[in-house]
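Listed below, chain by chain, are the residues.
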Amino acid sequence: MTVRKIAALVLLAAGIALGAVTARVETERVADDRSAGAVSAAAQEGRSRLDAERHRLERSVVAAAQVKPLLAALDNNVDGPTLVDLFQSEDWWNDIRREFPVTRVVVASEILATTGSPDPGTNDRDVVMEARKNPVASAVVTINNRPMFVVASRLAALTERNPVLVLAKPVDPALLVPTEIQASAPAPRRPADFGLAAGALLLVLGGIAMFALGRPSAQNDRIATPGSTARENTLKFGSTAQKQHAPDVAGSRPDGGSMRSTDAGFSAPGSSVSSVGSTHPPLAPAPLAVLTTPAPVGPPRRPTAPGGVPVGEDGTPGQTFGRYHLLDRLGQGGMADVFTAVAHGVEGFSRVFVLKRLRPELSQDKEAIAQFVDEARMQSNLVHSNIVPVFDFGRVAHEYFMTQEYIVGRDLVRLIARYYEHSQRTITPRLAYYIAHETLQALQYAHTKRDRDGQPLGIVHRDVSAGNIIVSAQGEVKLADFGIVKSNRRTSKTQMGMVKGNANFMSPEQARGHSVDARADLFSVALVLYYCLTNRLFYDGDNDLDVLYKAATGPTSDDYDLIRRLPSPASDVLGRALAPDPSDRFQTAAEFADVLAPHVGGGKAEAARVMQTLFGDELRKEAA
């Protein structure tokens, strides 16, 4: 057998083998497509179930708005406390009380009565306005970090004042993810296109060779005539090859200029281009809004009058609260109002703190008080350079409060947004890895914290998010807000199936209301890292429920495709850290941090420079 015959047979066999392998891969890919289609169908079914539940609740609130004793009480102009007592004690409200833990009546622009918890605050405003235009309105909103149905209907009493009945209840986590959706995402597709092409090419070449070998002997003699060369054939095949130009890896732009892979934001998977430590990160889209974003950590303080008493906006002394004087209001959470406050001592001594005060309407709510006390007790025992410490806890009259260190800095949400406004780019990968690494140091300490008897406390933060990570003016990274922490020592307990936390940065098991451990926090850190590297939230949606639904479903095959496009080490790190199954992730914060450690050198110095560049004047005023 000649060499040409052997080569032809080898080509033919290789083509057949590669084609068979490729066919198998393609079969598996089709199976993956079908699996993804099943997940999509299940997701659509889940949305239908949510809509059905919402419509059922709308019918319930319409019926409740027609209860005659309620209408009679309103027509008789009962006051708020009396109405609250009726809702809490009367038999005619029993069924509604069992179905809806929160009841509210809004008359004109005032809240006449609210009973139950969590208090909706202003989260029902849009629903109330809609209910005044239509007989009934509903929405899913986040209240105290919980997704809740809020349903409202007009009341046929005091019609000139447009009274509205508002009922609220938590969303059942079982509605968020249908049982058909498994805990793990479909396996990432394996690229079969190249294999198909290669297999087809080998088959063609092998076929051509075999065909050539099988042609008449005269033709074979002509090819092998003494004195002739293979140059003719070489030129023929060569000319064909010359027409098959290799694709332009760099790509092209409409303006005729070249476009390198890094122009799009990240180098291609497998590229040797590394952006670690780059001082010129790629152009990036504007960051998306983050749910439940708090107010700035440190707005400029108001001036102080002689003697150190703060001056209010109208020039009068600010409010005194115990031994503190309240300065600026930072914002309002689900449970507490947050202020900057100053404490004064002898010889002109003063120090500024962040003061969290339990909202007055929750001062008699035992569950809210227990949760607030737990937060203060837990965080006061966590003494670590990457955790915002609690310095004081107490009660003034009937209002509980705690004070925390005042960090002259900004939370990560505002850092990312300001960086984009300043440069139209993402922060550098080195800075992103540094922030994630320092956050993991805080979590490693908290997760492994033990009591005086050496027993593990079992702490899980459950609210690791961009809004709860603060970067100081000196480049330090601090983890804040342990308000919904899970621990073996908590007095207050989260009800089974209750969802707490920020859905933008939530693990699938947490979004489903399942029991969580420290690995859920690590998933959240990975989502924060993705946000830093891309200026985009991993989960996005038109409303809170859409985001929560995606978080409960977990990463999809398309999500993993996006992750694989990130440069090393981000693609590998996030691919593992965002595994749907906790057993496939990093098992400890220390393990996760060790992988990032080689890429964070100089991160603190860079963080300090960035903070001074972006917020320098503001921070200097705050620190004065």
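Residues numbered from 1 in each chain as written. Predicted model: local features only at pLDDT ≥ 70, side-chain atom pairs only at ≥ 80, totals over all residues. Heavy atoms only, no water.

Caption draft 1: Just the overall build of the protein, in detail. When its secondary structure is counted, the protein shows 18 helices and 14 strands. Counting across all 624 residues of the protein, residues that qualify as buried make up 47%. The long-range share in the protein, meaning contacts at least 24 apart out of those at least 6 apart in sequence, stands at 65%. Accessible surface computed for the protein: about 30500 Å², of which carbon and sulfur atoms make up 54%. (Helix = DSSP H or I, 4+ residues; strand = E, 2+ residues; numbered from the N terminus. Buried < 20%, exposed > 50% of the residue type's maximum accessible area, 1.4 Å probe, protein only. Contact = heavy atoms within 4.5 Å. Areas by Shrake-Rupley, 256 points an atom, 1.4 Å probe, with all protein chains shown as cover.)

Caption draft 2: Seen up close, helix 9 (residues 366-380). Under the 1.5 Å per step criterion, the end-to-end length of helix 9 is 21 Å for 15 residues, consistent within 8% with the ideal 21 Å. Most of helix 9 is tucked away: 11 of the 15 residues are buried. The inward-facing, buried residues of helix 9 abut strand 8 (336-344), strand 9 (350-358), strand 10 (390-396) and strand 11 (399-405). (Expected span 1.5 Å × (residues − 1).)

Caption draft 3: Quick look at the pattern of salt bridges. Within the structure shown, the criterion is met by 23 salt bridges. Between Asp51 and Arg54 there is a salt bridge; the shortest N-O distance is 3.6 Å. Taken as a pair, Asp51 and Arg54 lie in helix 1 (residues 3-64) at a separation of three residues, close to a single helical turn. Since its relative accessible area comes to 36%, Asp51 is described here as partly exposed. We note a salt bridge from Glu399 to Arg357, for which the minimum N-O separation is 3.7 Å. Here the residue Glu399 occupies a position in strand 11, and Arg357 occupies one in strand 9, the gap between them amounting to 42 residues. (Salt bridge = Lys/Arg side-chain N within 4 Å of Asp/Glu carboxyl O.)

Caption draft 4: The confidence of the model for the protein, seen in detail. When pLDDT is averaged across the protein, the result is 74; 65% of the residues are at 70 or more. Considering only residues more than four positions removed or in separate chains, one finds that residues 179-194, a stretch of pLDDT under 50, has 32 contacts. Segment residues 292-317: pLDDT under 50, and 62 contacts once partners within four positions in sequence are set aside and those in other chains are kept. (pLDDT = per-residue confidence, 0-100.)

Caption draft 5: Main features of the nonpolar core. In this structure, Leu412, Leu415, Ile435, Leu574 and Phe592 are the most contacted members of the largest nonpolar core, which totals 79 residues. Per element, the largest residue contribution to this core is 11 residues, and it comes from helix 13 (residues 518-534). Apart from residues no more than four positions distant in its own chain, Leu415 is found in contact with Ile435, Val471, Val610, Met611, Leu614 and Phe615. (Core = buried A, V, L, I, M, F, W, Y, C linked by side-chain atoms within 4.5 Å.)

Caption draft 6: Quick peek at the sheet that holds strand 2 (residues 110-115). Strands sit in the order 2-1-5-4-3 across an open sheet of five strands; the sheet is antiparallel. The open sheet has two free edges, formed respectively by strand 2 and strand 3 (136-143), since each of these has just one partner strand. Each neighbouring strand pair of the sheet contributes to a mean axis angle of 20°, computed without reference to strand direction. (Pairing = 2+ DSSP bridges. Axes fitted to C-alpha atoms, helices over the stretch in contact; angles between N-to-C directions.)

Caption draft 7: Quick peek at unusual backbone geometry. A cis amide bond links Ser568 to the next residue, Pro569, at an omega of 5°. Topologically, Pro569 is positioned in the loop between helix 15 (557-564) and helix 16 (570-577). The backbone of Asn535 shows a phi angle near 65°, a positive value even though the residue is not glycine. With respect to the helices and strands, Asn535 occurs in the loop between helix 13 and helix 14 (544-553). Relative accessible area serves as the criterion here: at 1%, Asn535 is assigned to the buried category.

Caption draft 8: Fine view of the pairing of strand 4 (residues 146-154). With eight of nine residues buried, strand 4 is to be regarded as a mostly interior element. Direction of pairing for strand 3 relative to strand 4: antiparallel, over a ladder of eight bridges. Each residue of the ladder has a partner; that of Thr142, found in strand 4, is Pro147. Here seven bridges tie strand 4 to strand 5 (residues 164-170), and the two strands are oriented antiparallel to one another. Across the sheet, the residue bridging to Ser153 is Leu165, located in strand 5.

Caption draft 9: Here's a closer look at the side chain of Thr403. Mapped onto the fold, Thr403 is located in strand 11. On the accessibility criterion, Thr403 (0% relative accessible area) is buried.

Caption draft 10: Summary view of the packing of aromatic side chains. Tallied over the entire structure, the rule returns 12 aromatic pairs. When the centroid spacing of 6.3 Å and the interplanar angle of 40° are considered together, the rings of Phe372 and Phe393 count as tilted. Highlighted residues: Phe372 in helix 9 and Phe393 in strand 10, separated in sequence by 21 residues. Among the residues examined, Phe372 registers a relative accessible area of 1% and is labelled buried. Since its relative accessible area comes to 33%, Phe393 is described here as partly exposed. Three or more aromatic residues joined by ring pairs make a cluster, and in this case those are Phe321, Tyr324, Phe353, Phe391 and Phe401. Sitting over the ring of Phe391, Arg351 keeps its end group 4.8 Å from the ring centre. Positioned above the aromatic ring of Phe321, the side-chain terminus of Arg357 is 5.2 Å from the ring centre. (Phe/Tyr/Trp six-rings, centres within 6.5 Å; stacked < 30°, edge-to-face > 60°. Lys NZ or Arg CZ within 6 Å of the ring centre and 35° of its normal.)

Caption draft 11: Seen up close, the packing of helix 15 against helix 16. Helix 16 packs onto helix 15 with a crossing angle of 150° between their chain directions and a minimal axis gap of 8 Å. In terms of orientation, helix 15 and helix 16 fall into the roughly antiparallel class. The segment helix 15 lies against helix 16, with Tyr560, Ile563 and Arg564 engaging Ser571, Leu574 and Gly575. (Parallel < 35°, antiparallel > 145°, perpendicular 65-115°, else oblique.)

Caption draft 12: Structural view of the sheet that holds strand 10. Strand order in the open sheet formed by six strands is 6-7-8-9-11-10, with antiparallel pairing between adjacent strands. Pairing within the sheet leaves two strands with one partner each, and these edge strands are strand 6 (320-321) and strand 10. Two strands pair when backbone bridges link them, and strand 8 and strand 9 are joined in this way by nine bridges, in the antiparallel orientation. Paired with Val342 across the bridge in strand 9 is Val352. Here helix 9 sits on the sheet in contact with strand 8, strand 9, strand 10 and strand 11, set at roughly 25° to strand 11.

Caption draft 13: Structural context of the packing of helix 13 against helix 17 (residues 589-596). At a minimum axis separation of 10 Å, helix 13 and helix 17 run at an interaxial angle of 30°. Taken together, helix 13 and helix 17 sit at an angle that is classed as roughly parallel. The handedness of the crossing between helix 13 and helix 17 is right-handed. Here helix 13 contributes Leu522, Val525, Ala526 and Leu529 to the contact with helix 17, which in turn contributes Ala589, Phe592 and Leu596. Residues of the contact of helix 13 with helix 17, tallied by class, amount to seven nonpolar, no polar and no charged. (Left-handed = near helix turned anticlockwise from the far one by under 90°. Nonpolar A, V, L, I, M, F, W, Y, C, P; charged D, E, K, R; others polar.)

Caption draft 14: Molecular detail of the side chain of Thr340. As for its placement among the helices and strands, Thr340 is situated in strand 8. Judged by its relative accessible area of 0%, Thr340 is buried. Not counting residues within four places of it along the chain, the set of residues in contact with Thr340 comprises His325, Leu326, Leu327, Asp328, Leu330, Val352, Phe353 and Tyr406.

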